[in-house]
Amino acid sequence: MSILLKNGRVVTADSDAVCDILIEGETIMSIGRNLSAEGAEVINCTGKLVMPGGIDPHVHLEMPFMGTFSSDTYETGTRAALHGGTTTVIDFILQKQGNSLRSAFEEWSGRATGNAVGDYSFHMAVTDFNPGTKEEIKDMIAEGITSFKTFMAYKGALMIDDAQMVGLMQEVKKHGGLVTAHATNGDMIDTLIAQHRAQGKLTPLYHYLSQPEVTEAEASGRFADIANYTGVNAYIVHLTCEGALNQVRRATERNQRVLVETCIQYLVLDASLYEDEANGAKVVMSPPLREKKDQATLWAGLNQGLVNVVGTDHCPFMWEQKLMGKDDFSKIPNGHPAIEHRMELLFSEGVNKGKITPQKFVEVTSTNAARIFGMFPRKGTISIGADADLVIFDPNKKHTISANTHHMNCDYSAYEGWELTGKIETVLLRGQVAVDAGEPKVSKGYGQFIKRGKTNI
């Protein structure tokens, strides 16, 4: 079956023109003006934007954390992503200390296979780098897992030390992969948490005050320095603040490239939300929300090319789960729901308010992630031969975010009542209409594992 998109304003990271797109099977067959195809289903896109499907490279689905699991499954999470225009997600496999990377890969694959509605891939979080793990790096890259995450926090669970990080970077560099980092100073954070708890300071505000800007800035600089020494491709996940981005600026002075991701919440929410003792737990995440000046820095960083990707760090928990920490902020599961709202929020707050261009929007929601994580040009662009992952977007339609209408498996929203301008109308995934007018059109199991190549940016 052929599908013909007619008269849409087709926006990519480097072009913007009114034209038609012909889809045959799962891929884009032709792009041009006045196209026709006998028997094709025609979708009129007049007045609409047509953009590449979004890629969210930072999600946590069914993730074990703090004695519970994040509340979105591969089915609910990828379906919600599709409703928000994100056609591909990259989730994090968490190696258990003492276990192999292979066993972690098999565990996460078992959760995703046959359940995902949208396309997906994996990063490998290495929490126990040892001689056996070292030998597995090349095997994981051969499986299409070409990015490896390190945690510089969560001692005793996820954190590795600098010696292990050097070894991991050297091995990943040898095989052409990428190392990413949760770049915060875990020792300093743990010390501040203990001090606040000892003083009886237990509200969500002290989650924020236990992770001051310096904890992120120091770790970001240290990660950049170690990456510069080893020569590995380096990427900082969920960067939030001016101090951390200044460390990336400093790295450019020695001609080093450090790739940077921020998340939608750090662009539009701020730390004042932690002062609400009743609801502050909803936005407890790590790193925490920051200050208004940090928002300004991140928006500027997008336009300066220092911030390459806007993801979500989607890690939702039901309110009942969040209440595990009602008497102690350190027991609140970290994370918030955002996978469905990333693209509409960024368009409404960014493009419609003149902070970024439509081309920059596509670049940071799709194309750069595809390039960095080895999916380009199959994903992240509108070109002949690419997967027909497309979003038809009404730039003028107004709507309101609410937990009552979102599709994420979470009973609250950090954006409750926000009025946005710009709405996803239709989403195509590999040539199939996946969502249309808010109705899902593909079922669980349609999502495919995407075997990734190496960084191409």
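- Naming follows an unreviewed UniProt entry, where the protein appears as Dihydropyrimidinase of Hymenobacter mellowenesis.
- As its UniProt record puts it under Cofactor (unreviewed entry), the protein is described as follows: "Zn(2+)".

Section: the overall build of the protein
Then, in step 1: From N to C terminus, the protein includes 13 helices and 19 strands.
Then, in step 2: Its C-alpha radius of gyration of 21 Å places the protein within 12% of the 23 Å reference for a compact globule of 457 residues.
Then, in step 3: Principal-axis analysis of the C-alpha atoms gives the protein an extent of 70 × 50 × 45 Å.
Then, in step 4: Considering the protein as a whole, with its 457 residues, one finds that 61% of them fall into the buried category.
Then, in step 5: Contacts in the protein between residues far apart in sequence, at least 24 positions, make up 76% of those at least 6 positions apart.
Then, in step 6: Total accessible area on the protein is roughly 16,200 Å²; 49% of this is exposed by carbon and sulfur atoms.

Section: the UniProt feature "domain: Amidohydrolase-related" (unreviewed entry) in the protein
Then, in step 1: Residues annotated in UniProt with the feature "domain: Amidohydrolase-related" (unreviewed entry) correspond here to residues 49–433.
Then, in step 2: For the annotated span residues 49–433, helix accounts for 37% and strand for 20% of the residues, and the straight-line distance between the end C-alpha atoms is 16 Å.

Quick notes on unusual backbone geometry
Then, in step 1: Residue Ser-286 is joined to Pro-287 through a cis peptide bond whose omega torsion reads -5 degrees.
Then, in step 2: By the secondary structure assignment, Pro-287 is in the loop between helix H9 (264–268) and helix H10 (292–304).
Then, in step 3: In this structure, the amide linkage connecting Phe-376 to the following residue, Pro-377, adopts the cis form with an omega of 5 degrees.
Then, in step 4: Position of Pro-377 among the secondary structure elements: in the loop between helix H13 (358–372) and strand S16 (390–400).
Then, in step 5: Phi at Asn-255 is positive, roughly 65 degrees, even though this residue is not glycine.
Then, in step 6: When its relative accessible area of 74% is taken as the criterion, Asn-255 is described as exposed.
Then, in step 7: Within the chain, Ala-437 stands out as a residue other than glycine whose phi angle is a positive 50 degrees.
Then, in step 8: In this structure, Ala-437 sits in the loop between strand S18 (432–436) and strand S19 (439–440).

What to know about the environment of Asn-115
Then, in step 1: Note on placement: Asn-115 falls in the loop between helix H2 (101–112) and strand S10 (119–125).
Then, in step 2: Judged by its relative accessible area of 23%, Asn-115 is partly exposed.
Then, in step 3: The contacts of Asn-115, once residues within four sequence positions are left out, are Tyr-74, Glu-75, Gly-110, Lys-444 and Gly-445.

Here's the deal with the packing of H2 against helix H3 (residues 131–142)
Then, in step 1: Axis separation between H2 and H3 bottoms out at 9 Å; the angle between their running directions is 45 degrees. Considering the angle they form, H2 stands oblique to H3. On H3, the residues that touch Leu-101, Arg-102 and Phe-105 of H2 are Thr-133, Glu-136, Ile-137, Asp-139 and Met-140.
Then, in step 2: Taken together, the residues of the contact of H2 with H3 break down into four nonpolar, one polar and three charged.

Regarding the pattern of salt bridges
Then, in step 1: By the definition in use, this model includes 31 salt bridges.
Then, in step 2: Among the salt bridges present, the one from Lys-155 reaches Asp-187, with a minimum N-O distance of 2.7 Å. Of this pair, Lys-155 sits in the loop between strand S11 (147–151) and helix H4 (162–174) while Asp-187 sits in helix H5 (residues 186–198), and the two are 32 residues apart along the sequence.
Then, in step 3: Take Lys-155: its relative accessible area is 53%, and that puts it in the exposed class.
Then, in step 4: Accessibility expressed as a relative area gives 38% for Asp-187, which makes it partly exposed.
Then, in step 5: A salt bridge links Asp-225 to Arg-250; the nearest nitrogen and oxygen atoms lie 3.1 Å apart. Note that Asp-225 is positioned in helix H7 (residues 213–230) and Arg-250 in helix H8 (residues 242–252), a separation of 25 residues in sequence.
Then, in step 6: Overlapping salt bridges bring together Glu-26, Asp-119, Arg-378, Lys-379, Asp-387, Asp-389 and Arg-430 as one network.

Considering the state of the cysteines
Then, in step 1: Within this structure, the stated rule accounts for zero disulfides.
Then, in step 2: Of the cysteine sulfurs around Cys-315, a residue in no disulfide, the closest is that of Cys-410, at 10 Å.

Side note on the environment of Ser-70
Then, in step 1: Tracing the backbone shows Ser-70 in the loop between strand S8 (68–69) and helix H1 (74–83).
Then, in step 2: Look at Ser-70 and you get buried, because its relative accessible area is 5%.
Then, in step 3: With near-sequence residues (within four places) excluded, Ser-70 lies in contact with His-60, Leu-61, Glu-62, Met-63, Cys-315, Pro-316 and Phe-317.
Then, in step 4: Here the side chain of Ser-70 touches His-60 through a polar contact of 3.1 Å, landing on its backbone oxygen.
Then, in step 5: Polar side-chain contacts of Ser-70 include one of 2.7 Å to the backbone nitrogen of Met-63.

Some remarks on the sheet that holds strand S9 (residues 86–94)
Then, in step 1: Across the sheet, eight strands lie side by side as S6-S9-S10-S11-S12-S13-S14-S15; this open sheet has parallel pairing. At either end of the open sheet lies a strand with only one pairing partner, and these are strand S6 (54–59) and strand S15 (309–311). Sheet twist, expressed as the mean angle between neighbouring strand axes with direction ignored, is 30 degrees.
Then, in step 2: Sheet analysis places S11 next to strand S12 (residues 178–182), joined by five bridges and oriented parallel.

Reading the values: rules and limits
- Residues numbered from 1 in each chain as written.
- Predicted model: local features only at pLDDT ≥ 70, side-chain atom pairs only at ≥ 80, totals over all residues.
- Heavy atoms only, no water.
- UniProt positions renumbered as here; feature names shortened; annotations may be inferred.
- Helix = DSSP H or I, 4+ residues; strand = E, 2+ residues; numbered from the N terminus.
- Rg over C-alpha atoms; globule rule 2.2 N^0.38 Å.
- Buried < 20%, exposed > 50% of the residue type's maximum accessible area, 1.4 Å probe, protein only.
- Contact = heavy atoms within 4.5 Å.
- Areas by Shrake-Rupley, 256 points an atom, 1.4 Å probe, with all protein chains shown as cover.
- Axes fitted to C-alpha atoms, helices over the stretch in contact; angles between N-to-C directions.
- Parallel < 35°, antiparallel > 145°, perpendicular 65-115°, else oblique.
- Nonpolar A, V, L, I, M, F, W, Y, C, P; charged D, E, K, R; others polar.
- Salt bridge = Lys/Arg side-chain N within 4 Å of Asp/Glu carboxyl O.
- Disulfide = S-S within 2.5 Å.
- Polar contact = N/O pair within 3.5 Å; in protein donor to acceptor, adjacent residues only side chain to side chain.
- Pairing = 2+ DSSP bridges.

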